[in-house]
Amino acid sequence: SQTIHQWPATLVQPVGSPLSLECTVEGTSNPNLYWYRQAAGRGLQLLFYSVGIGQISSEVPQNLSASRPQDRQFILSSKKLLLSDSGFYLCAWSIRHRDGYTFGSGTRLTVV
Amino acid sequence: LAKTTQPISMDSYEGQEVNITCSHNNIATNDYITWYQQFPSQGPRFIIQGYKTKVTNEVASLFIPADRKSSTLSLPRVSLSDTAVYYCLVGFPYNNNDMRFGAGTRLTVKP
């Protein structure tokens, strides 16, 4: 069966520090991968999506970046975090879009 | 991209049927309607997806009228564990960036 792993579960980082969140998928090949962010009490905002290794599409211009070094690995990064980067970050994957997306358990990031 | 409108919140009691309606007046011909459920501090979970008429699975039913400008998620006999935020998404599933989450409907089930 397919599983998605996302870590860490919680993270507290100072302003200006770097960020690296990792997401890996098991049990499937060539998935579409997504990074979402959810601010407190708000809906989900699509940040990046990828249809293959090295292929990244950005939805929102910001100080975040994404990379896909391997087929089932998706990384969200920042060189210098801002207070506004705080939120709940979710990774998701899909194969057949009509079956919807499968989300990871998320990372709650607090920038202080 | 079709915009969706849902009630911000709804209250219900255990054992009742809950119907959450989503309006999507600008839905395109190729768009599908998908519903997700999200519990606090968890990622959303796919519930059901449909294109027209009625779709039913072990969790819920989705009713879509002929004009497809709205849809209704029906949860039979809710329990306390159904307390969550429910999102209605409209978009063409084969466009990777087409499925957008709105603010959702916060359903609270009371004993």
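Higher on the page you've got the structure.
Described in the following lines is the structure provided in the data block.

### Quick word on the packing of aromatic side chains
Inference 1: Scanning the entire structure with this criterion turns up twelve aromatic pairs over all chains.
Inference 2: Both rings, one in Phe103(A) and one in Tyr36(B), keep their centres 6.2 Å apart while their planes meet at 90 degrees; by these two values the pair is edge-to-face. In this pair, Phe103(A) sits in strand β10 (residues 102–103) while Tyr36(B) sits in strand β3 (residues 32–38), so the two residues belong to two different chains.
Inference 3: The class of Tyr36(B) is buried, set by a relative accessible area of 1%.

### Considering the side chain of Gln49(B)
Inference 1: Mapped onto the fold, Gln49(B) is located in strand β4 (residues 45–50).
Inference 2: Side chain to side chain, Gln49(B) and Thr34(B) meet in a polar contact 2.7 Å long.

### Observations concerning unusual backbone geometry
Inference 1: Here the residue pair Trp7(A) and Pro8(A) is connected by a cis peptide bond, since its omega of 0 degrees sits within 30 degrees of zero.
Inference 2: By the element assignment, Pro8(A) lies in the loop between β1 (3–7) and β2 (10–13).
Inference 3: Its identity is not glycine, yet Thr53(B) carries a phi of approximately 60 degrees, on the positive side.
Inference 4: Looking at where Thr53(B) falls in the secondary structure, it is placed in strand β5 (residues 53–56).
Inference 5: Positive phi, normally seen in glycine, also occurs at Arg68(B), with a value near 60 degrees.
Inference 6: Residue position: Arg68(B) is located in the loop between β6 (61–64) and β7 (70–75).

### Topic: the environment of Ala39(A)
All names here are of chain A.
Inference 1: Within the element layout of this structure, Ala39 appears in the loop between β4 (32–38) and β5 (44–52).
Inference 2: For Ala39, a relative accessible area of 36% puts it in the partly exposed group.
Inference 3: For the pair Ala39 and Asp85, spaced 46 residues apart in the sequence, the C-alpha separation amounts to 9.0 Å.

### Let's talk about the interface of chain A and chain B
Inference 1: Taken together, the contact pairs 22 residues of chain A with 19 residues of chain B.
Inference 2: There are zero salt bridges connecting chain A and chain B.
Inference 3: At the surface where chain A touches chain B, the tally comes to four residue pairs in polar contact (both at pLDDT 80 or more).
Inference 4: Listing elements by their share of the side of chain A that touches chain B, those giving two or more residues are β4, β5 and β9 (87–94) of chain A.
Inference 5: Grouping the constituent residues of the side of chain A that touches chain B by class yields ten nonpolar, seven polar and five charged.

Reading guide: rules and limits
- Residues numbered from 1 in each chain as written.
- Chains lettered and ligands numbered in written order.
- Predicted model: local features only at pLDDT ≥ 70, side-chain atom pairs only at ≥ 80, totals over all residues.
- Heavy atoms only, no water.
- Phe/Tyr/Trp six-rings, centres within 6.5 Å; stacked < 30°, edge-to-face > 60°.
- Helix = DSSP H or I, 4+ residues; strand = E, 2+ residues; numbered from the N terminus.
- Buried < 20%, exposed > 50% of the residue type's maximum accessible area, 1.4 Å probe, protein only.
- Polar contact = N/O pair within 3.5 Å; in protein donor to acceptor, adjacent residues only side chain to side chain.
- Contact = heavy atoms within 4.5 Å.
- Salt bridge = Lys/Arg side-chain N within 4 Å of Asp/Glu carboxyl O.
- Nonpolar A, V, L, I, M, F, W, Y, C, P; charged D, E, K, R; others polar.

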